[in-house]
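Here is how the chains run, residue by residue.
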Number of protein chains: 2
Amino acid sequence: MNTHDHLVGILGGMGPAATAEFYAKLIGRTPVTRDQDHLRVAIWADPTVPDRVGAVTGGSTDPYPAMLAGAKRLRDVGATLAVLPCHTAHAFLPALVKDSGLRFLDMVDETVAELERRAGTFGSVGLLGTRGTIASGLYQKRLQAARLGVALPGESTQVQVDLAIKKVKQGNPQAAGVHLDNAVRTMTGIDAPLIVLACTELPLAARHLSTVRSAALLDPTDLLADAVVRQCLPSRTEGKDVPE
Amino acid sequence: MNTHDHLVGILGGMGPAATAEFYAKLIGRTPVTRDQDHLRVAIWADPTVPDRVGAVTGGSTDPYPAMLAGAKRLRDVGATLAVLPCHTAHAFLPALVKDSGLRFLDMVDETVAELERRAGTFGSVGLLGTRGTIASGLYQKRLQAARLGVALPGESTQVQVDLAIKKVKQGNPQAAGVHLDNAVRTMTGIDAPLIVLACTELPLAARHLSTVRSAALLDPTDLLADAVVRQCLPSRTEGKDVPE
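Now for a description of the structure that goes with this document.

Procedures and definitions
- Residues numbered from 1 in each chain as written.
- Chains lettered and ligands numbered in written order.
- Predicted model: local features only at pLDDT ≥ 70, side-chain atom pairs only at ≥ 80, totals over all residues.
- Heavy atoms only, no water.
- Helix = DSSP H or I, 4+ residues; strand = E, 2+ residues; numbered from the N terminus.
- Rg over C-alpha atoms; globule rule 2.2 N^0.38 Å.
- Contact = heavy atoms within 4.5 Å.
- Pairing = 2+ DSSP bridges.
- Buried < 20%, exposed > 50% of the residue type's maximum accessible area, 1.4 Å probe, protein only.
- Phe/Tyr/Trp six-rings, centres within 6.5 Å; stacked < 30°, edge-to-face > 60°.

Let's talk about the overall build of chain A
Within chain A, the regular secondary structure consists of 12 helices and seven strands. The globule rule puts the C-alpha radius of gyration for 244 residues at 18 Å, and the 17 Å found for chain A is close to it. Projected onto its principal axes, the C-alpha positions of chain A cover 50 × 45 × 35 Å. At a minimum sequence separation of 6, the contacts of chain A that also span at least 24 residues come to 74%.

See the structure below:
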């Protein structure tokens, strides 16, 4: 495919701020000199999709039909490659790929691949995400397969993560930063020198950390954006990343 | 219509960073307590649409067919209300409304309405935008009809505005801020105490002004986002704005 043959579909709205942030990152990480060099993008953002965490952990209203409807919209407008900037929703990704026929890049796979490239430079991987992401084992299974150690937050740290996510969703990333700061302090105090922000709201909170710890944080949305650019613009990214 | 009966269509990509910024503003300006309170949004962002400024000022490749194709995509996925976060492209808005059958909120109308509400609190309105926006008279005609004075940049100031816009499009809003600063200094030095950022790239540059002049700047994308929220969620915005 040539540069602009791809139409990138973003299945978003889960939550909306994380979707806008992902889109801004994709734009910022695309090498361009003018508008026309950018990727064609279609976004379907339906925030009324029922809560993903509740569905994964407690069997509340199934969000899948709304997610599938969105994927079909993206397919119908011509998306050739899609992404889902929500970790918890990745629990539904295999079904979504099968039922929509859309090709998705998997944010968890991209993250685990990056961690494998960095293997040996850190001890365990600290995992901060929703209770749904943690409970589903989404990351743990793939980290284990890659023989990478993982450190999970205890209950009091998880409460801080939950609050950070909630505050971003409520439009208060500053308050979210305080809670994320508490969680990061605890995790780095245990044994996890590298922390994965495994919820797409957390990078928005991370901008407001009281102390700069960016070296200790890995943001999967950066990796997903880079993967999209590599797929769509291979000639412009050659040699800039480890080839897949 | 009830809260979530609306699907907001954003005809974007002109340029992409301005689209992401508008979407983030719409999210930030929607009163919510959880994801599900947000508006349903579909974005069509095709940055390969030919240059709008060239078309308005010099008859280069016509961007209209690509814009119309995008509007039709938004209509076909069910958009009930649409916006076009690009001032220069507003020169094509009447045709777009007619040919697509989509209802659009007009960013220029929203801005002029706000200026009319503020009439008497400022002298002339300083207008910073692309050469296409200025040449089309898009704002000047409506400001004149509203009996509001307008101050246009001279050539050397326009060169600074052009550079500010170009730098945002190239992913360098810091450099853009320096050029916008030069333009704002000149305009406020003449006679325009209130400056309209009549290009959707300029608010991204305005974040990087060396001196805080936010009181002197009016950002039409804020007004457009507020208009969308008022239209879609009248019960949540009652009394918060002058009714239309």
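Description of the sheet that holds strand β5 (residues 150-151) of chain A
Residues and elements named next belong to chain A. Pairing in this open sheet of four strands is parallel, and the strands run β5-β4-β6-β7 from one edge to the other. Sheet topology places β5 and β7 (217-218) at the edges, where each strand pairs with a single neighbour. Two strands pair when backbone bridges link them, and strand β4 (residues 125-128) and β5 are joined in this way by two bridges, in the parallel orientation. Directly across from G126, in β5, lies its bridge partner A151.

Observations concerning unusual backbone geometry
Residue and element names in this part refer to chain A. Following M14, the chain continues into G15 via a peptide bond in cis, with omega recorded as -5 degrees. Here G15 is to be found in the loop between β1 (7-12) and α1 (16-28). Despite not being glycine, R147 has its phi angle at roughly 55 degrees, a positive value. Following the sequence through the fold, R147 ends up in the loop between α7 (138-145) and β5.

Some thoughts on the environment of A82 of chain A
Residues and elements named next belong to chain A. Topologically, A82 is positioned in strand β3 (residues 81-83). On the accessibility criterion, A82 (0% relative accessible area) is buried. Along the chain, A82 and I43 lie 39 residues apart, while their C-alpha atoms are 9.6 Å from each other. Residue contacts for A82: discarding those within four places in its chain leaves G9, L102, R103, F104 and L105.

Describing the packing of aromatic side chains
All names here are of chain A. Per the counting criterion, the structure on display carries two aromatic pairs over all chains. Considering the side-chain rings of Y64 and F92, the 6.2 Å spacing of their centres and the 20 degrees angle between planes classify their relative orientation as stacked. One end of the pair, Y64, is in helix α3 (residues 64-76); the other, F92, is in the loop between β3 and α4 (93-100), and 28 residues separate them in sequence. Exposure class is identical for Y64 and F92. Each is buried.

Focus on the pairing of strand β6 (residues 194-197) of chain A
Residues and elements named next belong to chain A. The pairing of β4 with β6 spans four bridges and is parallel. Residue pairing for β6: L128 is matched across the bridge by L197. In terms of strand pairing, β6 meets β7 through two bridges, oriented parallel. Bridge pairing in β7 links I195 to L217.

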